[in-house]
Amino acid sequence: MPSNLRIRQMEVIDIKAIMDIEARSFTLPYSAGIWERESRNSLSRTIVGIDNRTKGAPELQGYLNFWLILDEAEIHRIAVKEEYRRSGVAGRLLQEMFKVLRDTGIVSIHLEVRQSNHGAIKLYEKFGFMIKGRRKGYYQETGEDALILEADVPRITQAI
Ligand SMILES: CC(C)(COP(=O)(O)OP(=O)(O)OC[C@H]1O[C@@H](n2cnc3c(N)ncnc32)[C@H](O)[C@@H]1OP(=O)(O)O)[C@@H](O)C(=O)NCCC(=O)NCCS
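This is a predicted model, so every value here is computed, not measured.

(A) Looking closely at the overall build of the protein. Secondary structure assignment for the protein yields five helices and seven strands. Scored against the burial criterion, the 160 residues of the protein give a buried share of 28%.

(B) Structural context of the nonpolar core. Counting 34 residues, the largest nonpolar core has Ile47, Tyr63, Leu64, Leu93, Met97, Leu101 and Ile109 as its most contacted members. Going through the elements one at a time, α1 (15-25), β2 (44-51), β3 (59-69), β4 (72-80), α3 (89-103), β5 (108-114) and β7 (144-152) are the ones with two or more residues in this core. If one sorts the elements of this core by residue count, α3 sits on top with seven residues. Residues in contact with Leu101, not counting those within four places in the same chain, are Ala73, Ile106, Ile109 and Val153.

(C) Here's a closer look at the site of the ligand. Near the ligand, the surroundings consist of 19 residues, among which Arg85, Ala90, Gly91, Gly119 and Leu123 are the closest. Elements supplying a minimum of two residues to the shell around the ligand: β4, α3 and α4 (118-126). At five residues, the largest contribution of residues to the shell around the ligand is made by α4. A breakdown of the residues in the shell around the ligand according to their chemical character gives eight nonpolar, seven polar and four charged.

(D) View of the sheet that holds strand β6 (residues 130-139). The sheet built from seven strands is open, its strands ordered β1-β2-β3-β4-β5-β7-β6 with mixed pairing. Where the open sheet ends on each side, the last strands, each with one partner, are β1 (5-9) and β6. The average undirected angle you get between the axes of adjacent strands in this sheet is 25°. Where α3 meets the sheet, it contacts β1, β2, β3, β4 and β5, and its direction lies at approximately 30° from that of β3.

(E) How the structure looks around the environment of Gly105. As for its placement among the helices and strands, Gly105 is situated in the loop between α3 and β5. Exposure remark for Gly105: the 11 C-beta atoms within 10 Å place this residue in the exposed category. Gly105 sits 35 residues away from Leu70 along the chain, and the two C-alpha atoms are 9.1 Å apart.

(F) Spatial organisation of α1. Ile15, Ile18, Ile21 and Glu22 are the residues of α1 that are buried. The arc that holds the buried residues of α1, viewed along the axis, is 125°, so those residues lie on one side. Opposite the buried face of α1, by more than 90 degrees, sit the exposed residues Lys16, Ala23 and Arg24. On the buried face of α1, the contacting elements are α2 (32-40), β3 and β4.

(G) Local environment of α3. A rise of 1.5 Å per residue sets the reference length of α3, with its 15 residues, at 21 Å; its end C-alpha atoms lie 22 Å apart and thus fit the reference within 8%. Buried residues of α3: Val89, Ala90, Arg92, Leu93, Leu94, Met97, Phe98 and Leu101, and no others. Within two residues after α3, Gly105 carries a phi angle of roughly 75°, on the positive side.

(H) Looking closely at unusual backbone geometry. In this structure, Leu70 takes a positive phi of about 55° despite not being glycine. Locating Leu70 in the fold gives a position in the loop between β3 and β4. For Leu70, a count of 9 C-beta atoms within 10 Å translates into the label exposed. Of note, Arg86 is a non-glycine position whose phi angle comes to about 60°, a positive value. Along the polypeptide, Arg86 turns up in the loop between β4 and α3. Using a count of 9 C-beta atoms within 10 Å as the deciding quantity, one classes Arg86 as exposed.

Rules and cut-offs
Residues numbered from 1 in each chain as written. Predicted model: local features only at pLDDT ≥ 70, side-chain atom pairs only at ≥ 80, totals over all residues. Helix = DSSP H or I, 4+ residues; strand = E, 2+ residues; numbered from the N terminus. Buried ≥ 20, exposed ≤ 12 C-beta atoms within 10 Å, placed from the backbone. Core = buried A, V, L, I, M, F, W, Y, C linked by C-beta atoms within 7 Å. Contact = placed C-beta atoms within 7 Å. Near = placed C-beta within 6 Å. Nonpolar A, V, L, I, M, F, W, Y, C, P; charged D, E, K, R; others polar. Pairing = 2+ DSSP bridges. Axes fitted to C-alpha atoms, helices over the stretch in contact; angles between N-to-C directions. Arc of directions from axis to C-beta. Expected span 1.5 Å × (residues − 1).

This is the structure we're talking about:
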């Protein structure tokens, strides 16, 4: 786990760094307007991982956006800057998210992921998500199916 990583809520000044990672991570990146709306939406939470040890300004290495809807949550976005992948950044963000879910009484969380995104599927499975279904042709630009993954929050947060 990256010991120098600090997790905090997204601030508006983070949006540019988030959009740079978005542009390199997704075929349909969120716009600045979407991120500004997310920052004002009371259902939405975005947490960021900041490396305090980087020389110069602290560097935003990754982020996770999720929504809280009654007693359920949905992950909408997670990405890590390419050069920091496989160093535990996404894992730290997911752990922090699970603490928020536990503390707000959320019982389950789900997400959609491209069936070809094996790295992300492995990440989610490592953190207790299980495949619950499939949405045929969910991604309109490619016609690719989405897998629906779900996690039982009380079961996962027992260990946190
Ligand atoms: C998916 C993503 C967020 C993972 O971030 P990360 O910080 O590299 O993940 P972590 O280092 O915390 O990985 C934790 C575990 O997840 C699994 N994992 C993560 N990326 C993996 C990959 N590319 N291949 C296989 N397993 C992977 C591994 O089990 C890993 O543990 P290990 O390194 O000890 O083997 C990152 O690859 C990314 O930003 N991808 C582009 C955006 C994206 O696809 N987001 C998901 C949309 S649903």
